[in-house]
Each structure stands twice: as structure tokens, then as C-alpha cells.
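Close look at the chain arrangement
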Amino acid sequence: MSLEMKAGERTLRFRFTVRAWLEIEEKVGSLSKLFKRFEEDDRPLAASIALAAACATAGEKHAGGSETITEEYLIESLSPKQMKNANALARRALTVGMHRETAEQDDEPVDAVLEELKKKVTPEATE
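My aim in this report is to walk through the structure given alongside it, one point at a time. (Residues numbered from 1 in each chain as written. Predicted model: local features only at pLDDT ≥ 70, side-chain atom pairs only at ≥ 80, totals over all residues. Heavy atoms only, no water.)

A short note on the side chain of Thr-57
Applied cut-off: Secondary structure elements are taken from DSSP: a helix is a run of H or I of four residues or more, a strand is a run of E of two residues or more, and numbering for both begins at the N terminus. Pairs of N or O atoms are called polar contacts if they sit within 3.5 Å, as long as, within protein, a hydrogen donor faces a hydrogen acceptor (for residues adjacent in sequence, only side-chain-to-side-chain pairs). The contact rule is simple, with two residues in contact once any of their heavy atoms fall within 4.5 Å.
Turning to its location among the elements, Thr-57 is positioned in helix H3 (residues 44–62). In terms of polar contacts, Thr-57 uses its side chain to reach the backbone carbonyl oxygen of Ala-53, at 2.9 Å. Excluding anything up to four places from it in sequence, Thr-57 contacts Glu-23, Glu-67, Thr-68 and Ile-69.

Here it is in C-alpha cells:
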């Protein structure tokens, strides 16, 4: 699953990590407050930009980079349509990140049927 897009001369990779979570808490408040701002139309663009910048920075660091993707960079580099796309990618990254079991797990799709079959197969059943 690719959570990437172009912004200016850069490729932004969106990922939600503990560091991104902390950045959101510093800028917006808790994740509950972030979602509330989206739901209640309380400056949702500002909240979207904060989330996108935090997730893009986390993606940059996960890919081995060291740069911080700032809100200002996004404001200057994205068109309104691109901002909608960045918002969608950042929200998806948040969803994926909150469900990731280990940091090494790289967002690969899970075959739910296969996982259930693995649970049902016991050593006694294969003998």
C-alpha cells in the first residue's frame, strides 16, 4: 500500500508513529480533539495540515531521511486539491499506524481467511 504523493520537488511518504502522535498533541491536542475538530468543522484545514505534516515527517524519517516536513512547506507547496489528497493519505496513515503491531511490519495486506485458518490448525489436527 503506497501512502505517497508529490509536493513540489519532494515525494511525501505518510506514516503515523509515536513521534507523529506527539507532534499532533503539541499542535492540536489529543487525537480525540483532532477528530472532534474534523467532525465539528472547527478549523479542519489547520488540523489537516498539522496531521499531514506530522505524518509526512514520520514517513521521511522512516525512509531514512532527516528532514522535517513543516506545515509551512505544505501550505506553500500544495494546491487545494493536493491538500485534500494529503489529508486523505495522512488519515489513512493514522488508521494503519494505530493498527500496526510492530514497527517492522510494513503495512502489508493481511489475508483474514488465511489468518483464521492458521488459528484453527493445531499440531494434533495435522497428525
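As for helix H1 (residues 18–27)
The condition that has to hold: Note on exposure labels: buried denotes an accessible area under 20% of the residue type's maximum, exposed denotes more than 50%, and partly exposed covers the range between, all computed with a 1.4 Å probe on protein chains only. Directions pointing from the helix axis toward each C-beta atom define the arc.
Taken together, the buried positions of H1 are Ala-20, Glu-23 and Ile-24. Here the buried residues of H1 occupy an arc of 100° about the axis, which is enough to place them on one side. Opposite its buried face, H1 presents the exposed residues Val-18, Arg-19 and Glu-26, each directed more than 90 degrees away. Elements in contact with the buried residues of H1: helix H2 (31–39) and H3.

Considering H3
Rules: Any helix carries an expected span of 1.5 Å times its number of residues minus one.
Taking 1.5 Å as the rise per residue, H3 with 19 residues should run 27 Å; its terminal C-alpha atoms sit 27 Å apart, in good agreement. Here H3 lies mainly inside the structure; 14 of its 19 residues are buried. Gly-64 sits one or two residues past H3 and shows a positive phi near 100°.

Looking at the nonpolar core
The cut-off we apply is this: Nonpolar cores are built from buried Ala, Val, Leu, Ile, Met, Phe, Trp, Tyr and Cys residues. Side-chain atoms within 4.5 Å join them into one set.
In terms of nonpolar packing, the biggest core is built from 31 residues, with Leu-12, Phe-14, Ile-24, Leu-34 and Leu-51 touching the most fellow members. Within the residue set of this core, elements represented by two or more residues are strand S1 (4–7), H1, H2, H3 and helix H5 (80–99). By residue number, the principal contributor to this core is H3, which donates 10 residues. Setting aside anything within four residues of it in sequence, one finds Phe-14 in contact with Leu-3, Met-5, Ala-52, Cys-55, Ala-56, Ala-86, Leu-89, Ala-90 and Ala-93.

A few points about the packing of H2 against H5
Formally: To get an axis, fit a line to the C-alpha atoms, keeping to the stretch in contact for a helix; angles then go from 0 to 180 degrees between the N-to-C directions. Helix crossings fall into two classes, left-handed where the near helix is turned counterclockwise from the far one by less than a right angle and right-handed where it is turned clockwise. Each residue gets one of three labels, nonpolar for Ala, Val, Leu, Ile, Met, Phe, Trp, Tyr, Cys and Pro, charged for Asp, Glu, Lys and Arg, and polar for the others, Gly among them.
At a minimum axis separation of 14 Å, H2 and H5 run at an interaxial angle of 145°. Here the hand of the crossing between H2 and H5 comes out left-handed. Contacts between H2 and H5 pair Leu-31, Leu-34, Phe-35 and Phe-38 from the former with Asn-87, Arg-91, Leu-94 and Met-98 from the latter. The class makeup of the residues in the contact of H2 with H5 is 6 nonpolar, 1 polar and 1 charged.

Here we look at unusual backbone geometry
At Asp-41, a position not held by glycine, the phi torsion is positive, near 60°. Turning to its location among the elements, Asp-41 is positioned in the loop between H2 and H3. Owing to a relative accessible area of 63%, Asp-41 belongs among the exposed residues under this scheme. One non-glycine residue, Arg-43, adopts positive backbone phi at about 50°. Secondary-structure assignment places Arg-43 in the loop between H2 and H3. Look at Arg-43 and you get exposed, because its relative accessible area is 56%.

Thoughts on the environment of Asn-87
As for its placement among the helices and strands, Asn-87 is situated in helix H5. Classification of Asn-87 by relative accessible area gives buried; the value is 17%. Through-space distance from the C-alpha of Asn-87 to that of Ala-53 is 9.7 Å; in sequence the pair is 34 residues apart. Excluding anything up to four places from it in sequence, Asn-87 contacts Phe-38 and Ser-48.

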